[in-house]
Amino acid sequence: AQSVTQLDSHVSVSEGTPVLLRCNYSSSYSPSLFWYVQHPNKGLQLLLKYTSAATLVKGINGFEAEFKKSETSFHLTKPSAHMSDAAEYFCVVSVAGTYKYIFGTGTRLKVLA
Amino acid sequence: EAQVTQNPRYLITVTGKKLTVTCSQNMNHEYMSWYRQDPGLGLRQIYYSMNVEVTDKGDVPEGYKVSRKEKRNFPLILESPSPNQTSLYFCASRSNSENYGYTFGSGTRLTVV
């Protein structure tokens, strides 16, 4: 069965330092994977998606994620955090053969000045 | 502008008083879904619809109803709300392909007292 685990519920970084948000997935098939961002009092916005093309996926606002099949991971990174990156981030896996998405429980990113 | 519109944004109601949260999308998407978001639980799917007149239960359907009479609209109905339905609700839509991400509405914060 498909599942997704976000390894950190909270991450704090200083402005200008790298961001790493970790996500592991479990899937019997080659999955589609997504990262979404939710700013306070807003809906979720798609950051990037992996759909079995290039393993390094670039998204909006300088974020990228690397699909590593051997590690069943899809970690989200950004070289330099900005104050506006403070938000909650969700890793999502699609369930092969269905239209169902499974959401992780979220990682709240705090950016310190 | 491509968007999913939910109304209302905020709603406080009393136990047992029927309510409807509306959702409309202008992207001609086949697939629409309702989620609830609760702290520490991520997003959980309530109901989804793959097309007009085709709806099915998600992971937490108890206490909710939906209908899909037109492609653009997917209202969520709480026939007899209870306090455990206090939550943040999101409507989302996407094309009928696993590889496409959702477009989310801005959310409806419901409080049942």
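Structural notes, computed from the coordinates.

Scoring rules and cut-offs
Residues numbered from 1 in each chain as written. Chains lettered and ligands numbered in written order. Predicted model: local features only at pLDDT ≥ 70, side-chain atom pairs only at ≥ 80, totals over all residues. Heavy atoms only, no water. Salt bridge = Lys/Arg side-chain N within 4 Å of Asp/Glu carboxyl O. Helix = DSSP H or I, 4+ residues; strand = E, 2+ residues; numbered from the N terminus. Buried < 20%, exposed > 50% of the residue type's maximum accessible area, 1.4 Å probe, protein only. Phe/Tyr/Trp six-rings, centres within 6.5 Å; stacked < 30°, edge-to-face > 60°. Pairing = 2+ DSSP bridges. Contact = heavy atoms within 4.5 Å. Buried area = accessible area lost by both parts, 1.4 Å probe. Polar contact = N/O pair within 3.5 Å; in protein donor to acceptor, adjacent residues only side chain to side chain.

Here the focus is the pattern of salt bridges. Evaluated as defined, the whole model comprises 8 salt bridges over all chains. The salt bridge partner of E88 of chain A is R108 of chain A, with a shortest N-O separation of 3.0 Å. A residue pair is termed long-range when its members are at least 10 positions apart, and E88 of chain A in strand β10 (residues 87–94) and R108 of chain A in strand β12 (residues 107–112) qualify at 20 residues. The class for E88 of chain A is buried, based on a relative accessible area of 13%. Given the relative accessible area of 41%, R108 of chain A is considered partly exposed. Between K100 of chain A and D59 of chain B there is a salt bridge, and its shortest N-O distance comes to 2.8 Å. Linking K100 of chain A in the loop between β10 and β11 (101–103) with D59 of chain B in the loop between β6 (54–57) and β7 (65–66), this pair reaches from one chain into another. The network of salt bridges with common partners includes R36, D38 and R44 of chain B.

Let us now look at the packing of aromatic side chains. Summed over all chains, the structure comprises 18 aromatic pairs over all chains. Measuring from centroid to centroid gives 6.3 Å for F34 of chain A and Y36 of chain A, while their planes differ by 35°, and the two rings are tilted. Judged by its relative accessible area of 0%, F34 of chain A falls in the buried class. A residue is classified by how much of its surface remains accessible, and Y36 of chain A, at 0% relative accessible area, is buried. Taking the centre distance of 5.5 Å and the plane angle of 85° together, the rings of Y36 of chain A and F104 of chain B count as edge-to-face. With Y36 of chain A in strand β5 (residues 33–38) and F104 of chain B in strand β10 (residues 103–104), the pair connects residues from two separate chains. Of the two residues, Y36 of chain A and F104 of chain B, neither departs from the other in class, the shared state being buried.

Residues and elements named next belong to chain B. In spatial order, the strands read β1-β3-β8-β7; together these 4 strands make up an open sheet with antiparallel pairing. A strand with exactly one partner marks an edge of an open sheet, and here the two such strands are β1 (4–7) and β7. Pairing geometry for strand β3 (residues 19–25) and strand β8 (residues 76–78), over 3 bridges, is antiparallel. Considered in β8, the bridge of T20 is made with I77.

Glancing now at the side chain of H29 of chain B. Relative to the elements of secondary structure, H29 of chain B occurs in the loop between β3 and β4 (31–38). Leaving out residues up to four positions away in the same chain, H29 of chain B has contacts with R68, K71, S93, R94, S95 and T103 of chain B.

Contacts between chain A and chain B engage 24 residues on the former and 25 residues on the latter. Interface area, chain A with chain B, both sides summed: about 1,800 Å², of which 50% is carbon and sulfur. Counting the surface chain A buries against chain B, the share from its top three residues, Y99, Y101 and F103 of chain A, is 36%. On inspection of chain A and its partner chain B, the count reaches 1 salt bridge. Taken together, the connections running from chain A to chain B amount to 4 residue pairs in polar contact (both at pLDDT 80 or more). At the level of secondary structure, the elements contributing two or more residues to the side of chain A that touches chain B comprise β5, β6 (44–50), β10 and β11 of chain A.

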